[in-house]
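# Survey of secondary and tertiary structure
Here are the chains, one letter per residue:
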Amino acid sequence: MLTSEIHLVLIWEKGLEKLSHIIYDLESSFKILDVKKIVWEKRNFSSNLSRFYGQNLPNKSFKERHCGNGPFVSILIKQDNPIYENRETSKGVFLVNKVLYDKKQLYRKWTGGGHKIHTSNDIEEADHDIFFLFGKKSSDYLSRASWDKKIEEHKRSIAGFNGWK
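The structure contained in this document is the topic of the report that follows. Here the structure is a predicted model, which is why all the values come from computation and not from measurement. (Residues numbered from 1 in each chain as written. Predicted model: local features only at pLDDT ≥ 70, side-chain atom pairs only at ≥ 80, totals over all residues. Heavy atoms only, no water.)

## Details of the sheet that holds strand β1 (residues 4-11)
Spatial ordering of the open sheet is given by β6-β1-β3-β2-β7, a layout of 5 strands whose pairing is mixed. With one partner strand each, in any of the chains shown, β6 (117-119) and β7 (152-155) form the two edges of the open sheet. Adjacent strand axes in the sheet meet at a mean angle of 25° when their direction is disregarded. Sheet analysis places β1 next to strand β3 (residues 72-80), joined by 8 bridges and oriented antiparallel. Along β3, the bridge assignment pairs L8 with L76. Here helix α5 (residues 123-134) sits on the sheet in contact with β1, β2 (31-39), β3, β6 and β7, set at roughly 55° to β1. (Pairing = 2+ DSSP bridges. Helix = DSSP H or I, 4+ residues; strand = E, 2+ residues; numbered from the N terminus. Axes fitted to C-alpha atoms, helices over the stretch in contact; angles between N-to-C directions. Contact = heavy atoms within 4.5 Å.)

Here is the structure:
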């Protein structure tokens, strides 16, 4: 059984005004491994978003208008000895990483409500999100050193944004 997990926090464009507050707060509960500014081409933003969330989100969907379609930030974190509890999610009651899920709810309040913050709720979602964004597995980051406080730019559409061969 894993004693550590890797998770992902996304701060969509319209939540970025709270980036420094969120990073500061995350450092109190997690080890931050990496922070990247992700840039998707505007013309492909809705395709990337659709593939990431696994649903057809048309150009200028509510999600896109609400969260923004400009650069956003990903934060990879490591948590030792995670605790799971059932929580009411947008898809029903699920067993989720308690600390991270509760942080997501807090950060959503900080950014004015809605879904300007995304986090992985469990290790399966973390694997999904990390694969689509970076083409890696969460376990690839388990031995990574702490974040060097530099935010690198990542210009790459997600895996399969334009379909699969």
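Next comes the rest of the description.
## Examining the nonpolar core
The biggest cluster of nonpolar side chains holds 21 residues, and the ones touching the most others in it are W12, W40 and L133. Looking at this core, the elements that each hand over two or more residues are β1, β2, α2 (45-53), β3 and α5. Ranked by residue count, the leading element in this core is α5, at 4 residues. Counting residues in hydrophobic clusters, the runner-up holds 16 residues, among them L19, V35, L100 and I117. (Core = buried A, V, L, I, M, F, W, Y, C linked by side-chain atoms within 4.5 Å. Buried < 20%, exposed > 50% of the residue type's maximum accessible area, 1.4 Å probe, protein only.)

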